[in-house]
Amino acid sequence: MKKNLNNSKRVCWFYRACVVLSLIGLSRTIYIHVFVDRKQTDGQKISTSIDLRYESIKKLIPPEIKEVGYLSEQEEILPFNDKYYLQANYALAPRIVVPMNDRSLYVLVDFEQPISFEDLQSKYNLSLLSSTRPNFGLLRKVSK
Amino acid sequence: MNIVLGVIELGGALLFGFGVMRRVFETTSSSITVKALGALLSLLIGISAISVLFIAFWFAGFSVLNASWFASLVLIVLGISLFAASGSKYLFPEAKCSFVATSWIKLLWVSVIGVTVIIAIILGVNTPDGGWDSWMIWNLRARLIFGVSAVVDAFPAQIVGTHPDYPLMLPGINSVIWSVLGAPSTISPLIVSILLGILCVGILVGSLAGICGWPKAMIAGIMLLCTPKFAFIMTSQEADLMVSVFYLSATIFTFLALEAPETNQKILFVMSGAILAAAVWTKNDGILFAMAMPISVFIVNKMPIKRRFLIAKWYFLGALPILILVIYFKLKIAPQNDLFMEPLSIKISRSMDLQRLGMVLLILLRRMCYFQMWGLFLIAAPFLWLYFGGKKSERSAAYPIWFSLKIALVGIVAVYMLTPHDLSWHITHSADRLFFQYWPTFLFLIFLSVPYQCDNAVANRYDRNFSLLRQK
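Because the structure is a prediction, the values reported are computed rather than measured.

Draft legend 1. Summary view of the pairing of strand β1 (residues 67–71) of chain A. Residues and elements named next belong to chain A. Counting buried positions along β1 gives four out of five residues, so the element sits mostly inside the fold. Sheet topology places β1 next to strand β2 (residues 96–99); four bridges connect them, and they run parallel. Across the sheet, the residue bridging to Tyr70 is Pro99, located in β2. Strand direction decides the pairing type here: β1 and strand β3 (residues 106–110), joined by three bridges, are parallel. Each residue of the ladder has a partner; that of Gly69, found in β3, is Val107.

Structure below.
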């Protein structure tokens, strides 16, 4: 009986510790996701669907095009250094998006800063199909 | 939307899942807890099986739509056969204790579920595509599987950083659902992920309620739900949650097998093997625990050596069907994993570097104390482990599983020793998710190992001291 009572005491302390740990964990979750996240974005929406960003240009790429070129300020695309490159692949799948090359008929342009589309068109022999923002658009190679 | 295919898919998955569980457990007529646990495990088995079969048919050259049809029909046939078959089943070792939790514990439980649901809704609305890994790896792969005409096109090496060598359980589930919807959707992966979160909590609580009684189960459930970022992991749609559900389920089956009479052990070990293989088919990390569990059961066991080999054979037999698919994928389709790209000499020199070992341990320790992710849980975990886990307690069947966690921990350190990536970056970005994979299993073992008596005097003392338990 004495052993049982000792055990019950241990178990009581264990349960108390579990509940305290849980309440600390729960408080942290509420604090971060309800207060901190909102504060960081000034009450605005944190993010929207990735597909929404690419919706307008996705319609302009014919289904038979399997590969889309990509142009940004990154000279070499390394894992995780260009979030938008990876998001473009996700949004435009099953097409794959690769750094712009000679084969690229369609080119997705996604820069951090506003750019001159006229300069890009003349430099790479492209024509602008759509641009929803001054740093983002879809261009097509002009056939010679 | 193809409603007929949807009904056939759901019917096939449920029929197979319930058919399998019907062959495993015999439940007493009054036991709603064990029946609910059986239903949750059936659901897990059903959705895993349809994903595995779908990918197998797709690899064989079937279109996405045809692969979904054939996978569903095969599962219906298998499910009916399982329902028709007879054989010995295992009587679930239900808790003989009749204590129920007091009202304030029930209130806490309901509040915690409510808060988790609210947080999950906030996160689901704010990030409908899930976490970075979900859209970059799992859902991208599902979109490629759904959209390409040739299998090889779904694993393009040109897209840097998307891990085309990762297994396909989760992309398979999403593709199967999209074949019903007719197009990729961002809502269905979120629903699958939330379902996996519910399965994780439900299987933990249901198994502990069945084996130890409701008070322990409810506190374990509260701990899991209150784990910082549980809601985030549930809505981030990453594969780690599914791996954790598989680890937990395999642990439960192994534990039950080790407590079962010899005549009932076979089916439980086979089930455990199959579920461990499903973890391997979900994420490469699954290989670690899939090896650790059978090895530790083989080593930490008082059975005759012949029996141990028999158990190893049962594990292997259960795992074999899924392992064939994994091996085919790894050898014929997937590109090489980045861990194996470097020459052997570099790996050997890395593994011998004691300074690197010190760094790995230090960064891992830092992650364990990372309040943002773990609160104080992982700081408390080693103490709980030392206090409850290392002992050959009254539930000695848990002891080999504790040992498998030790092997897995050593394995995690070994993988980090060999990684070709920047050590700090790799550990910072993956350790939390790795720890989370084992977290529900750890909670199951901790609560299983807590001393437990079904004695009225003890119950009364609980009631006076803590108001936690009350006799029904």
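On we go.
Draft legend 2. Highlighting the pattern of salt bridges. All names here are of chain B. Considering all chains together, one arrives at 10 salt bridges over all chains under this definition. Measuring nitrogen to oxygen at the nearest pair gives 3.6 Å for the salt bridge that ties Arg433 to Asp240. Placement of Arg433 in helix α19 (residues 423–449) and of Asp240 in helix α10 (residues 240–259) is noted, with a sequence separation of 193 residues between them. Considered together, Arg433 and Asp240 belong to a single accessibility category, that of buried residues. A salt bridge links Asp432 to Arg367, with the nearest nitrogen and oxygen atoms 2.4 Å apart.

Draft legend 3. Representation of a nonpolar patch on the surface within the structure. All names here are of chain B. Taken together, the side chains of Met1, Ile3, Val7 and Leu181 make up a nonpolar region of the molecular surface, amounting to roughly 440 Å² of accessible area. Tracing the sequence through the fold places Met1 in the segment before α1 (3–24). Judged by its relative accessible area of 73%, Met1 is exposed.

Draft legend 4. Examining the sheet that holds β2(A) more closely. Residue and element names in this part refer to chain A. Strand order in the open sheet formed by five strands is β2-β1-β3-β5-β4, with mixed pairing between adjacent strands. The open sheet is flanked by β2 and β4 (126–133), the only strands paired with a single partner. Shown here is a sheet whose adjacent strand axes are inclined to one another by a mean of 30°, direction ignored. Pairing of β4 with strand β5 (residues 136–141), which is carried by six bridges, proceeds in the antiparallel orientation. Across the sheet, the residue bridging to Leu126 is Lys141, located in β5.

Draft legend 5. Broad picture of the layout of surface pockets. All names here are of chain B. Reported here for the second largest pocket is a volume of approximately 650 Å³. Taken together, 25 residues make up the lining of the second largest pocket; nearest its centre are Phe16, Val20, Ile45, Ala49 and Ala274. Mapped onto the lining of the second largest pocket, the elements with two or more residues apiece are α1, α2 (32–59), α3 (64–84), α11 (262–282) and α13 (305–333). Taken together, the residues that form the lining of the second largest pocket break down as 22 nonpolar, two polar and one charged.

Draft legend 6. Here's a closer look at unusual backbone geometry. That bond from A:Ala93 to A:Pro94 is cis: its omega, 15°, falls within 30 degrees of zero. Topologically, A:Pro94 is positioned in the loop between α3 (83–92) and β2. Although it is not a glycine, A:Asn125 sits at a positive phi angle of roughly 60°. Since its relative accessible area comes to 30%, A:Asn125 is described here as partly exposed. Residues other than glycine seldom take positive phi values, yet B:Gln237 does so here, at roughly 65°. Note on placement: B:Gln237 falls in the loop between α9 (230–235) and α10. The exposure class assigned to B:Gln237 is buried, which follows from its relative accessible area of 3%.

About the criteria used
Residues numbered from 1 in each chain as written. Chains lettered and ligands numbered in written order. Predicted model: local features only at pLDDT ≥ 70, side-chain atom pairs only at ≥ 80, totals over all residues. Heavy atoms only, no water. Buried < 20%, exposed > 50% of the residue type's maximum accessible area, 1.4 Å probe, protein only. Helix = DSSP H or I, 4+ residues; strand = E, 2+ residues; numbered from the N terminus. Pairing = 2+ DSSP bridges. Salt bridge = Lys/Arg side-chain N within 4 Å of Asp/Glu carboxyl O. Patch = residues over 30% accessible without salt bridge, like charges linked within 9 Å, V, L, I, M, F, W, Y side chains within 5 Å. Areas by Shrake-Rupley, 256 points an atom, 1.4 Å probe, with all protein chains shown as cover. Axes fitted to C-alpha atoms, helices over the stretch in contact; angles between N-to-C directions. 1 Å grid on protein atoms, 1.4 Å probe; cavity = no way out; pocket = protein on both sides within 12 Å on 5 of 7 lines; lining within 4 Å. Points joined across faces, edges and corners; volume = space filled by probe spheres on them. Nonpolar A, V, L, I, M, F, W, Y, C, P; charged D, E, K, R; others polar.

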